[in-house]
Amino acid sequence: MTGTFHIEIQKAHRRHDIWICLLVSMIMVVWVGGLSPSVPDELANAYSALFYSIPVINSIILPVFMALLASRLWDMEIKGNTTKLLYTLQSRRSLFKGKVIFGVMEIFLTVFMEMGAVLLLGKIHGYTETFPAGQFIYLAVCTTAAGLMLFFSEFFIMLIWNNPLPALCVGIVGALLGLFSAFMPPIVSYFVPWGYFIPLSSYEVAKWDQATHTVTYGTRSFNWGLLAFTFALAALFFYASWRRVQKQEV
Amino acid sequence: MLKRCIIAENRKLHASPIWVMFFLLPIISAGYGTFNYLQNLEILKDKWYSLWTQHTLFYSMFFFPAMVAVYAAYLWRLEHLGHNWNIIMASPVKPLDLFAAKFVVVAKLALLTHGFVFLLYTFCGKTFAHLPGWPPIELSFFLLRGALGALAVIAAQLVLSMLIRSFAVPVFLALIGGISGILASSKGFALLWPYSLMQAGMNANKSKDVLDGGYGLFIASCVIWLIAMFILADILLKKKDVRA
Amino acid sequence: MKNVIETHNLCKSYHGRMVVDNLNLNVLQGSVYGFIGPNGAGKSTSMKMLLGLTHPTSGSVKLLNQTMNEENRIALLRQTGSLIESPSGYLHLTAKENLSIIAELKGISHKDIDRVLEIVKLTADANRKVGQYSLGMKQRLGIAMALLGKPRLLILDEPTNGLDPAGIQEMRSLIASMPDRTGATILISSHLLSEMEQMVTQVGILNHGKMLFEGPLQELQKHSHGNIQLKVLDVPKSIEVLNRQGIRTTMMQQPNLLELPPLSDEILAVLVRDLAESGAGVVGLTTQTKSLEEIFLSLTQSSGEVA
């Protein structure tokens, strides 16, 4: 278990994966921070605003980012022509396990740093709204779930074509669809997994004052059903990927 | 020599699944734009202009750079894989010609996509939104400006994909580039950053023209960035030599 | 002597087409076994089945005296080094880093890395990224990976592919010396027969998935007695004698030169005496030896046993 993960870490040498993971949270800090509020009124519901916009940002960035993680993870084996050598030294299960652990760790790291960025933003800009701990955890879980689901779906696509192009294209098109689905009737968004970040989100716009351009946010109940479905989809793609690795000719 | 390179690059794109992107992204963008326009008629009162913003907002902010990045990364991946580098560098072609050929091919594809966007926009405007008359002539200028700004993004992505031996990383960076473009625009640096140029040119997110009166500066910025990217590419290619 | 590799009626078919057809491979311990056949004969598929990379349609594989199955496969292969088709290696890592990954997977000490780098002469380039390697260097790295951990069995698929002539020569002498140096048994495939003659002790010839010949190299060479060229002063008289003895004769391009089929020593002795007595005037007699190429060609064309 640790052995195969350790080997994946060795393979990741000089690939700067950590920096790429860090990039996601940096974008958030810069993007949200750059457009950050400064008036007391807005600081008073700044966390709400942040928690409302994070899922939107995620649905733009993460489908492509997950395609990036998943495709890189397998692309090095393709470029190096290594699977047939590896399968003489380790079982398919062992290689798959290494990849999965490594990929999941990267997702955890990304989510962890993204959530860290939330705390950082709150600190830097001095948000006056009470920190919503429950919402914070819910958001972290939802981001992880949707991230895992996207990661395994992209990994599966990568395994089918053995080429990062389709996975990246699906990521980009998916992100576009996901983002659009957010502005469509809620039912539509349930059919667009790339955008699940948004229907999973528990924040919504309660009131938008067109004259003063001020937005008041409200919360809605946690979407447990969709969260469970997201995990189920992740499991499905995980299983499909594993079958693919098992069956793949080398 | 350049011409032969272009022919070669064109051939590399044949029979590649990349064409799917070319159709899919604009169609999705148009479908959503039209839908959103029709849903918000009470706010969006500027007819063709309003439809234009709906059609091109997300497309020009995030997905156009990513799409161009896919084209660019695809063309360089072919060189990064195997030993093409050595063959190319050994062939009697100036390295910059190779870069320029890729630029021409990607630009051609991107401009075709661009045209397709406009076609869809007009079609949706007439068929679904039942807008009177034809799109204002000004909008085709927006499109042209957008195309000019796009050239700088294309050159930048080609440099990135040449440097980074990964397919996915430059594509992701393009998406981030789009975001950086929004930020630069919001801070008033739209003309100083290549990824904002296309957005500014398309005039996708404002009802009034962002470039009002600033055409000369805009064009100058596009040209300067384009030249800068070509010079950078030339330096890098010379340094790279047959090392790969 | 024991067999290190034994296959029993090994078959592989893709979409109903037999790629490997009832292959019975017997590789003796300590031998260098040349697995010869043209491209597409089924060599790579067979070797992949030996390594458990491809599942046989039917039949079984015995490695190091154990029938291979999913449970013991990895344990058996840890004692095996292999190089199949094009070489493997992570392009973004150096040769040394690549080898340390393999060492990790084989569960052996990293100290062995320098030794194998030395053997394949990559020590000087050990800290360069494999992405910058030439094909020949990648091939040598592939062999270094196979040699790591002093395996008891080496399975090498066309290992001289992509090497320059000097590299090919080095590789040949390296392979030929392996059994003595490490006691390893080597199975090596090639479509170039000439390079095999210099290193192998045992030969298996494969075509269209079927084994045409298997045995010691000398036995194959026994079949290599070629035609006999006879130079005489009087051609008509010679032909008369030859016809009387019922020997098929062909006239050669050069005057006074005749070609006879392979003959046993006894018959040849009698023939020479008769020719001399008839006054044909025997000037020269040369026995041609068939090259492995010719033997191979005759084997594959007739696709039957060696005559």
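So, how was this worked out
- Here the residue numbering is sequential within each chain, running from 1 through the sequence in written order.
- Here chains are named by letter from A upward and ligands by number from 1 upward, in the order in which they appear as written.
- Reporting of local features is limited, given that this is a predicted model, to residues whose pLDDT is at least 70; pairs of side-chain atoms are given and counted only at 80 or more, and all residues count toward the totals for whole chains, interfaces and linings.
- The side-chain numbers reported here are obtained from all heavy atoms of the structure, hydrogens and water having been left aside.
- Secondary structure counts use DSSP, requiring at least four H or I residues in a row for a helix and at least two E residues in a row for a strand, with both numbered from the N terminus.
- Here the globule rule is a power law, 2.2 Å times the number of residues to the power 0.38, and the radius of gyration is based on C-alpha atoms.
- Each residue is placed in one exposure class: buried if its accessible area under a 1.4 Å probe, protein chains only, is under 20% of its type's maximum, exposed if it is over 50%, and partly exposed if it falls in between.
- We get accessible surface area from the Shrake-Rupley algorithm with a probe of 1.4 Å; when it comes to residues, only the shown protein chains can shield them.
- The contact criterion used throughout is that any non-hydrogen atoms of two residues lie within 4.5 Å.
- Buried area, as used here, totals the accessible surface that two parts lose on assembly, with accessibility defined by a 1.4 Å probe and the loss added over both.
- The working definition used for a salt bridge is a side-chain nitrogen of Lys or Arg within 4 Å of a carboxyl oxygen of Asp or Glu.
- Between N or O atoms, a polar contact is any pair within 3.5 Å; within protein, one atom must be a potential hydrogen donor and the other a potential acceptor, and residues adjacent in sequence are included only when both atoms are from side chains.
- Note on aromatic contacts: the rings of Phe and Tyr and the six-membered ring of Trp form a pair at centre separations within 6.5 Å, being stacked when their planes are under 30 degrees apart, edge-to-face when over 60 apart, and tilted otherwise.
- Both a distance and an angle decide whether a charge sits over a ring: NZ of Lys or CZ of Arg must be within 6 Å of the ring centre and within 35 degrees of the ring normal.
- In this analysis, a patch consists of residues with relative accessible area above 30% that form no salt bridge, clustered at 9 Å for like charges and at 5 Å for the nonpolar side chains Val, Leu, Ile, Met, Phe, Trp and Tyr.
- Strand pairing requires that DSSP identify at least two bridges connecting the strands.
- Helix axes use the C-alpha atoms of the stretch in contact, all axes being lines fitted to C-alpha atoms, and the angles between their N-to-C directions lie in the range 0 to 180 degrees.

Q: In this structure, what is going on with the overall build of chain A? I would like to understand it.
A: In terms of helices and strands, chain A carries 11 helices and 2 strands. Taken from the N to the C terminus, the helices and strands of chain A come in the order α-α-α-α-α-α-α-α-α-α-β-β-α. Expected size for 250 residues packed as a compact globule is a radius of gyration near 18 Å; at 19 Å, chain A falls within 12% of this value. Projected onto the principal axes, the alpha-carbon positions of chain A cover approximately 65 × 35 × 30 Å. Residues counted as buried form 58% of the 250 residues belonging to chain A. Here chain A has roughly 10,100 Å² of accessible surface; of this, 69% comes from carbon and sulfur atoms.

Q: I would appreciate a short explanation of the interface of chain B and chain A in the present structure.
A: When the parts come together, some accessible area is lost, and that loss is often what is quoted as the size of the interface. Each partner contributes residues to the interface: chain B has 34 residues there, and chain A has 33 residues. The junction of chain B with chain A conceals about 3,000 Å² of combined surface from both sides, 87% of it contributed by carbon and sulfur atoms. Per-residue buried area on chain B facing chain A is highest for Phe63(B), Arg77(B) and Phe172(B); these three make up 20% of the total on that side. For the interface between chain B and chain A, the tally reads 1 salt bridge. Between Arg77(B) and Asp75(A) there is a salt bridge, with its nearest N and O atoms 3.0 Å apart. Applying the counting rule to chain B against chain A returns 2 residue pairs in polar contact (both at pLDDT 80 or more).

Q: Even after reading the chapter, I still don't get the pattern of salt bridges, so can you show me in this structure?
A: If the charged atoms of two oppositely charged side chains come close together, the side chains can form a pair. Going through the model one piece at a time under the given rule, you end up with 22 salt bridges over all chains. Across the pair Lys11(A) and Glu8(A) runs a salt bridge, and its minimum N-O distance is 2.9 Å. With Lys11(A) and Glu8(A) both in helix α1 (residues 2-11), this residue pair falls 3 residues apart, about one helical turn. For the pair Lys11(A) and Glu8(A), a shared accessibility class is recorded, and that class is buried. Across the pair Lys210(C) and Asp21(C) runs a salt bridge whose closest N-O atoms are separated by 3.6 Å. Residue Lys210(C) is located in strand β11 (residues 210-216), and its partner Asp21(C) is located in strand β2 (residues 17-23); the two are separated by 189 residues in the primary sequence.

Q: Before we go on, may I ask you to explain the packing of aromatic side chains in this structure?
A: What characterises a pair of aromatic rings is the spacing of the ring centres plus the angle enclosed by the ring planes. Enumeration according to the criterion identifies 40 aromatic pairs over all chains in this entry. Measuring from centroid to centroid gives 6.3 Å for Phe5(A) and Phe102(A), while their planes differ by 50°, and the two rings are tilted. On the criterion of sequence distance, the pair formed by Phe5(A) in helix α1 and Phe102(A) in helix α6 (residues 92-125) is long-range, its members being 97 residues apart. Its relative accessible area of 21% is what places Phe5(A) among the partly exposed residues. An angle of 55° between the planes, with centres 6.3 Å apart, marks the rings of Phe183(A) and Tyr32(B) as tilted. Placement of the pair is Phe183(A) in the loop between α8 (164-182) and α9 (186-189) and Tyr32(B) in helix α2 (residues 19-39), with the two residues belonging to separate chains. For Phe183(A), a relative accessible area of 41% corresponds to the partly exposed category. Among the residues examined, Tyr32(B) registers a relative accessible area of 5% and is labelled buried. Connected via pairs of aromatic rings, a cluster forms that spans Trp31(A), Phe180(A), Phe183(A), Tyr32(B), Phe58(B), Phe62(B) and Phe63(B). The ring centre of Trp76(B) lies 4.7 Å from the NZ or CZ of Lys102(B), which sits over that ring. The residue whose ring lies beneath Lys126(B) is Trp134(B), and the NZ or CZ to ring-centre distance is 5.2 Å.

Q: Can you help me understand a nonpolar patch on the surface in this one?
A: Residues and elements named next belong to chain B. A cluster of nonpolar side chains, namely Ile137, Phe141, Leu144, Tyr215, Ile219, Val223, Ile227, Ile231 and Ile235, defines an oily patch on the protein surface of about 860 Å² accessible area. Mapped by element, the contributors of at least two residues to the nonpolar patch are α6 (137-163) and α9 (215-240). The element that contributes the greatest number of residues to the nonpolar patch is α9, accounting for 6 residues. Given the relative accessible area of 39%, Ile219 is considered partly exposed.

Q: Just to check I follow, could you spell out the sheet that holds strand β15 (residues 282-289) of chain C for this structure?
A: Sheets are built from strands that pair by backbone hydrogen bonding, the pairs being arranged parallel or antiparallel. All names here are of chain C. If you walk across this open sheet you meet the 4 strands as β13-β14-β12-β15, and the pairing is antiparallel. Each having just a single partner strand, β13 (250-251) and β15 make up the two edges of the open sheet. With 2 bridges connecting them, β13 and strand β14 (residues 257-260) associate as antiparallel partners. Within β14, the residue paired with Met251 across the bridge is Leu258. Across the face of the sheet, helix α9 (residues 235-245) comes into contact with β12 (225-232), β13 and β14 while running at roughly 15° to β14. Across the face of the sheet, helix α10 (residues 265-278) comes into contact with β12, β14 and β15 while running at roughly 160° to β15.

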